[in-house]
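# An overview of the molecular structure
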Amino acid sequence: MSNRMISRITAFALVMFKTFCSVIILFAMLFTVWAVGPEIETRYFPVVSKLTILDARADEDGNTVLDAEFTKIRNCEYLGLAWFRALPGGMGFERVPVEIMRQENDTSSPNRPTGTQRAGPWIVHMTPDDLRNRSFSRLMHRCHGLWVTTTDFFP
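Here is a short report on the structure shown in this document. (Residues numbered from 1 in each chain as written. Predicted model: local features only at pLDDT ≥ 70, side-chain atom pairs only at ≥ 80, totals over all residues. Heavy atoms only, no water.)

The next point concerns unusual backbone geometry. Backbone torsion omega between G120 and P121 reads 5°, so that peptide bond is classified as cis. For P121, the location among the structural elements is in strand β6 (residues 115-124). A cis amide bond, omega 5°, links F154 with the succeeding residue P155. (Helix = DSSP H or I, 4+ residues; strand = E, 2+ residues; numbered from the N terminus.)

Next up on the list: the side chain of E41. Tracing the backbone through its elements, the reader meets E41 in helix α1 (residues 3-44). Sequence-distant contacts of E41, defined by excluding residues within four places in its chain, comprise P46, R74, C143, H144, W147 and T149. (Contact = heavy atoms within 4.5 Å.)

Put simply, the largest pocket is a space of about 430 Å³. Lining of the largest pocket is provided by 23 residues; of these, I100, P110, R112, A119 and W122 occupy positions nearest its centre. Elements supplying a minimum of two residues to the lining of the largest pocket: β2 (64-72), β3 (77-86), β6 and β7 (135-142). Among the elements that line the lining of the largest pocket, the one with the most residues is β6, at four residues. Within the lining of the largest pocket, the residues separate by chemical class into 11 nonpolar, six polar and six charged. (1 Å grid on protein atoms, 1.4 Å probe; cavity = no way out; pocket = protein on both sides within 12 Å on 5 of 7 lines; lining within 4 Å. Points joined across faces, edges and corners; volume = space filled by probe spheres on them. Nonpolar A, V, L, I, M, F, W, Y, C, P; charged D, E, K, R; others polar.)

Spatially, the four strands line up as an open sheet ordered β1-β2-β6-β5, and their pairing is antiparallel. One side of each edge strand has no neighbouring strand; the edge strands of this open sheet are β1 (52-58) and β5 (98-100). Looking at each pair of strands side by side, their axes are set apart by 25° on average, direction ignored. Sheet topology places β1 next to β2; six bridges connect them, and they run antiparallel. Counted as the bridge partner of A56 is L66 from β2. (Pairing = 2+ DSSP bridges. Axes fitted to C-alpha atoms, helices over the stretch in contact; angles between N-to-C directions.)

Structure, rendered in structure tokens:
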């Protein structure tokens, strides 16, 4: 083989090696974004502010009926609300039902515009004391196609 042929083979091998390394780096970056992106978005780019409870009262069944206020910061599609209560003895959490009620004539979409919002009444199936001292809630939204965006909503 001539020196020119060896030089071409060496150049081709170097290009192939660089391409292989670039593909590995690209996949590693995509995996990293996919793995840590939701946590970064939850912590630094919430969809809504923390929930402010305006009124929390017990109904005849002992559930909490609450009226609340929050600020929607980002324009994302609302998917749902999950509320959790701490189990006795610190043994974890259980999900509790939430009935998101609306005012009588409110037939609008559950997706709200950005800005300060008032909501309620909501019926959360736990006592007002449990709600204030032993619970937390999370909101789920679709902001883009990569993952569901979770916001720590209360406390």
